[in-house]
Amino acid sequence: MSLERDDEAPSGGGSQTTAPPPPQNGDADSSGGGVGTIAPPATARGRDWAALRQFSVFLENRVGKLADLTRTVEDAHLRIVGLSIQDAADSAVARLIVDDYERAHELFDLSGFCFFESDVVAVELPNVDSPVTDACRTLLRAELDVHYAYTIALPDTPRGGLAIYVDDVDLALAVLGNSRLTVVTEGDLKSRFD
């Protein structure tokens, strides 16, 4: 079972958007530009897409529910790279990033956990005195809104990484890509934990 928000990508099913047919002779130019044409997306989601997929799992606020979730994930031989809990009186939301998005998506689809997915940007924390501040200042310069952030485990880095949920992922990736910070992709997670 999964929940979807309007600003989140669907976790399966639902209506699909298809690209328009390619232009015919006499139509707008074939580069995808021109009046009345819609250019197909330049990138597709994949291992080298420069954002990570986060699973937000709804849990009853009862003893043992978090342990059930982590046991389900780790028994499937997935590594939990990042974990954040948002607690409320009668429920909690566990935000997880794992080392293999595709396997985790299938696991959550079959597990009965209520969840939704969203994209977060992630960076390696630089080996400087104020690594989190460096990442936040980079996003601040572009006036990006940071809704929340949490640390993630990254092997072979002195300080790990930071997962950041922002209001504009594409802009955040562009800004971070032009900074001295290293953006972490899904492919990076898979290869670092193999």
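Within each chain, residues carry numbers counting from 1 in the order of the written sequence. Per-residue local features are limited, in this predicted model, to residues with pLDDT of at least 70; the limit for side-chain atom pairs, both in listing and counting, is 80 or more; totals at the level of whole chains, interfaces and linings are taken over all residues. The side-chain values count all of the structure's non-hydrogen atoms but skip hydrogen atoms and water molecules.

A. Quick look at the confidence of the model for the protein chain. As a per-residue measure, pLDDT tells how confident the predictor is, with possible values from 0 to 100. Mean pLDDT for the protein chain: 79, with 75% of residues reaching 70 or above. Throughout, a residue-residue contact means that at least one pair of heavy atoms, one from each residue, lies within 4.5 Å. Low pLDDT, under 50, characterises residues 1–44; the predicted model gives this stretch 40 contacts beyond four residues in sequence or across chains.

B. Geometry of a negative patch on the surface. The residues that make up patches have over 30% relative accessible area and no salt bridge, and they are joined within 9 Å when like-charged or within 5 Å when they are Val, Leu, Ile, Met, Phe, Trp or Tyr. Note that accessible areas follow from Shrake-Rupley with a 1.4 Å probe, and for residues the cover is restricted to the protein chains shown. Think of a salt bridge as a Lys or Arg side-chain nitrogen and an Asp or Glu carboxyl oxygen that are within 4 Å of each other. Charged-residue counts in this description rest on Lys and Arg as positive and Asp and Glu as negative, His and the chain ends being excluded. For the purpose of locating charges, the reference atoms are NZ of Lys, CZ of Arg, CG of Asp and CD of Glu. The grouping of D145, D167, D168 and D170 at the surface amounts to a negative patch. Numbering of helices and strands starts at the N terminus; helices are DSSP runs of H or I of at least 4 residues and strands are runs of E of at least 2. Following the sequence through the fold, D170 ends up in helix α4 (residues 169–177).

C. Fine view of the pairing of strand β4 (residues 114–124). Across the eleven residues of β4, eleven count as buried, placing the element largely inside the fold. Neither face of β4 is left uncovered, since the one carrying C114, F116, S118, V120, A122 and E124 and the one carrying F115, E117, D119, V121 and V123 both have all their residues buried. Pairing of strand β1 (residues 52–60) with β4, which is carried by seven bridges, proceeds in the antiparallel orientation. Looking at β4, one finds that V57 is bridged to F115. Only protein chains enter the area calculation, which uses a 1.4 Å probe; residues under 20% of their type maximum are buried, those over 50% are exposed, and those in between are partly exposed. Strand pairing requires that DSSP identify at least two bridges connecting the strands.

D. Layout of the packing of aromatic side chains. In this scheme Phe, Tyr and Trp rings, the latter by its six-membered ring, pair at centre separations within 6.5 Å, and the angle between planes marks the pair as stacked below 30 degrees, edge-to-face above 60, and tilted otherwise. If you walk through the whole model with that rule in mind, you get eight aromatic pairs. Where F55 meets F108, the ring centres are 5.0 Å apart and the plane angle is 50°; that geometry is what we call tilted. Placement of the pair is F55 in strand β1 and F108 in helix α2 (residues 101–111), with a sequence separation of 53 residues. Between F55 and F115, the aromatic rings sit 6.1 Å apart at their centres with planes inclined by 55°, giving tilted as the arrangement. Placement of the pair is F55 in strand β1 and F115 in strand β4, with a sequence separation of 60 residues. Exposure class is identical for F55 and F115. Each is buried. Members of the aromatic cluster, each reached through a chain of ring pairs, are F55, Y101, F108, F113 and F115. A cation over a ring is seen here: R95 above Y148, with NZ or CZ 3.7 Å from the ring centre. Definition used: whenever NZ (Lys) or CZ (Arg) falls within 6 Å of the ring centre and also within 35 degrees of the ring normal, the charge is taken to sit over that ring.

E. Main features of the nonpolar core. Take the buried residues of types Ala, Val, Leu, Ile, Met, Phe, Trp, Tyr and Cys, join any two whose side-chain atoms come within 4.5 Å, and each joined set is a nonpolar core. One finds V121, V123, L139 and L176 to be the most contacted residues of the largest nonpolar core, which totals 16 residues. Those elements giving two or more residues to this core turn out to be β4, α3 (131–141), β6 (161–166) and α4. Looking at this core element by element, the count peaks at four residues for α4. Ignoring anything within four residues of it in the chain, the contact list for L139 reads L144, V146, I164, V166, A172 and L176. Core analysis: the next-biggest nonpolar cluster, separate from the first, contains 15 residues, F55, L78, F113 and F115 among them.

F. Looking closely at α2. Every buried residue of α2 is accounted for by Y101, A104, H105, L107 and F108. All buried residues of α2 project into a common sector of 165° when viewed along the axis, lining one side. Those residues of α2 that are buried lie in contact with β1, α1 (65–75), β3 (91–98), β4 and α5 (186–192). Pairs of N or O atoms are called polar contacts if they sit within 3.5 Å, as long as, within protein, a hydrogen donor faces a hydrogen acceptor (for residues adjacent in sequence, only side-chain-to-side-chain pairs). For α2, the N-terminal capping position is held by D100, with its side-chain oxygen 3.4 Å away from the main-chain nitrogen of E102. As used here, the arc is the angular range of directions from the helix axis to the C-beta atoms.

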